[in-house]
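Topology and contacts: notes
For reference, the chains in residue letters:
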Amino acid sequence: MMIERFIAIFRVGVKRGKILKTAGIYVILILVTLMTIGPLLWMVSTSLKGPGEIFSLPPKWIPNPPVWANYVEAWNAAPFGLFFYNTCLITFSVVVGRLFICSLGGYAFARLRFPGSQVAFALLLGAMLIPGTVTLIPQYYMFRLFGWIDTPWPLIMPGVFANTFGTFLLRQFFMTIPDELEDAARIDGASSMQIYHRIMLPQAKPALAALGIFTFMGSWNDFMGPLIYLNTYEKMTLQVGLAQFQGEFYTDWQLLMAASVIVLLPVLLVYLFCQRYFIEGITLTGLKG
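In this report, the structure presented in the accompanying data block is examined.

About the cut-offs
- Residues numbered from 1 in each chain as written.
- Predicted model: local features only at pLDDT ≥ 70, side-chain atom pairs only at ≥ 80, totals over all residues.
- Heavy atoms only, no water.
- Helix = DSSP H or I, 4+ residues; strand = E, 2+ residues; numbered from the N terminus.
- Buried < 20%, exposed > 50% of the residue type's maximum accessible area, 1.4 Å probe, protein only.
- Salt bridge = Lys/Arg side-chain N within 4 Å of Asp/Glu carboxyl O.
- 1 Å grid on protein atoms, 1.4 Å probe; cavity = no way out; pocket = protein on both sides within 12 Å on 5 of 7 lines; lining within 4 Å.
- Points joined across faces, edges and corners; volume = space filled by probe spheres on them.
- Nonpolar A, V, L, I, M, F, W, Y, C, P; charged D, E, K, R; others polar.
- Patch = residues over 30% accessible without salt bridge, like charges linked within 9 Å, V, L, I, M, F, W, Y side chains within 5 Å.
- Areas by Shrake-Rupley, 256 points an atom, 1.4 Å probe, with all protein chains shown as cover.
- Core = buried A, V, L, I, M, F, W, Y, C linked by side-chain atoms within 4.5 Å.
- Contact = heavy atoms within 4.5 Å.

The backbone of Asp150 shows a phi angle near 70°, a positive value even though the residue is not glycine. By the element assignment, Asp150 lies in the loop between helix H5 (136–146) and helix H6 (153–161). Overall, Asp150 belongs to the buried group, its relative accessible area being 14%.

Here is the structure:
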């Protein structure tokens, strides 16, 4: 009897411990979620406030009444239509070019055997360790020699051809694809480019989506690049346009937040559209290699 009672008490304690552990995990996740989305909610709330409500105490999360005119005023305060066009042109070019170049490089490192492939891949990994600030001045000098200053090319070409992370990411994903698919295609007479186009790329949709989202966010939110290489006002991008709302002595916070919400919407839409592929690509990439 004593042993059975002890076992029953032990089982109840274990069950309570599991419940407390699960509850603690949920509490931590809720706190992390609130810390993550809190600034976003405050940005949206501030974008709908009047100038006198932004720094009111106690803070108001729900504006009463909401000032929707802030979005119209923010859009008209700068040529955001032109900034949108410039940003979309640069971002689309970088995303498409990077996916193509990095997929070719990743396929070559993962499947093709050529002299010096291991050394080349080691150099690729070493290049990932070099901070971007180290190459900033040499790049600017090189682009000035090319005559690319105040053109979109310094924002497009490095993003397309000098992205070692994308090549590494896709190389790791291609190595998870079974060798039997490639062997069967070669027996049927397929060339390396046919295998790349018809077998590897369809299998790599999750990894391509993950890399595409990373690339889109990086290019869309780039501030230093346009600030350094672009001089003409009509060629500026959205991130530089946002800086116009912040002055030396005064900042239109409600207009800045409204413009920030407008700039953020495309990123959210792209992420929501590719969320399933993004999570699958992050999960599967790097299981082999």
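Throughout the structure, instances matching the rule amount to four salt bridges. A salt bridge links Asp179 to Arg111; its shortest N-O distance comes to 2.3 Å. Of this pair, Asp179 sits in helix H8 (residues 179–187) while Arg111 sits in helix H3 (residues 80–111), and the two are 68 residues apart along the sequence. Under the relative-accessibility criterion, Asp179 is labelled partly exposed at 35%. With its nearest N and O atoms 3.1 Å apart, the salt bridge here joins Arg186 to Glu182. Within this pair, Arg186 and its partner Glu182 are both found in helix H8, separated by four residues, close to a single helical turn. In this structure Arg186 comes out as partly exposed when scored by relative accessible area, which is 36%. Classification of Glu182 as buried rests on a relative accessible area of 7%. What emerges from the salt-bridge pattern is a single network uniting Arg111, Asp179, Glu182 and Arg186.

Taken as a whole and assessed by the stated rule, the structure comprises one cavity of 30 Å³ or more. Reported here for the largest cavity is a volume of approximately 30 Å³. In this structure, the largest cavity is lined by Phe109, Ser117, Gln118, Phe121 and Arg171. Here the lining of the largest cavity takes three residues from helix H4 (residues 117–128), the largest share from any one element. Its residues assigned to classes, the lining of the largest cavity comprises two nonpolar, two polar and one charged.

This paragraph deals with a nonpolar patch on the surface. Residues Ile25, Tyr26, Val27, Leu29, Ile30, Leu31, Leu34, Ile37, Leu40, Leu41, Trp61 and Ile62 make up a contiguous nonpolar surface patch of about 1,200 Å² in total accessible area. Here Leu31 is to be found in helix H1 (residues 2–47). When its relative accessible area of 49% is taken as the criterion, Leu31 is described as partly exposed.

Core analysis: the largest hydrophobic core is formed by 34 residues, its most contacted members being Phe80, Trp220, Leu238 and Phe245. Looking at this core, the elements with two or more residues in it are helix H2 (69–77), H3, H6, helix H10 (205–220), helix H12 (238–242) and helix H13 (253–273). Among the elements that take part in this core, H13 stands out by supplying nine residues, more than any other.

Glancing now at the side chain of Ser47. Mapping Ser47 onto the fold places it in helix H1. Given a relative accessible area of 0%, Ser47 falls into the buried group. Aside from chain neighbours lying at most four places away, what touches Ser47 is Val67, Asn70, Tyr71, Gln254, Met257, Ala258 and Val261.

Over the atoms, a rolling probe the size of a water molecule traces out where space has been left empty. Size it by volume and the largest pocket reaches roughly 910 Å³. If you trace the largest pocket, you find 33 residues lining it, with Gly132, Gln139, Pro158, Gly159 and Ala162 closest to the centre. Of the residues contributing to the lining of the largest pocket, the split by class is 17 nonpolar, 14 polar and two charged. In this model, the second largest pocket occupies a volume close to 170 Å³. If you trace the second largest pocket, you find it lined by Thr36, Ile37, Leu40, Met43, Val44, Val261, Leu264, Leu265 and Leu268. Among the elements of the structure, H1 and H13 are those that each provide at least two residues to the lining of the second largest pocket. Sorting elements by how many residues they give to the lining of the second largest pocket places H1 first, with five residues.

Taken by themselves, the reported measurements are silent on function.
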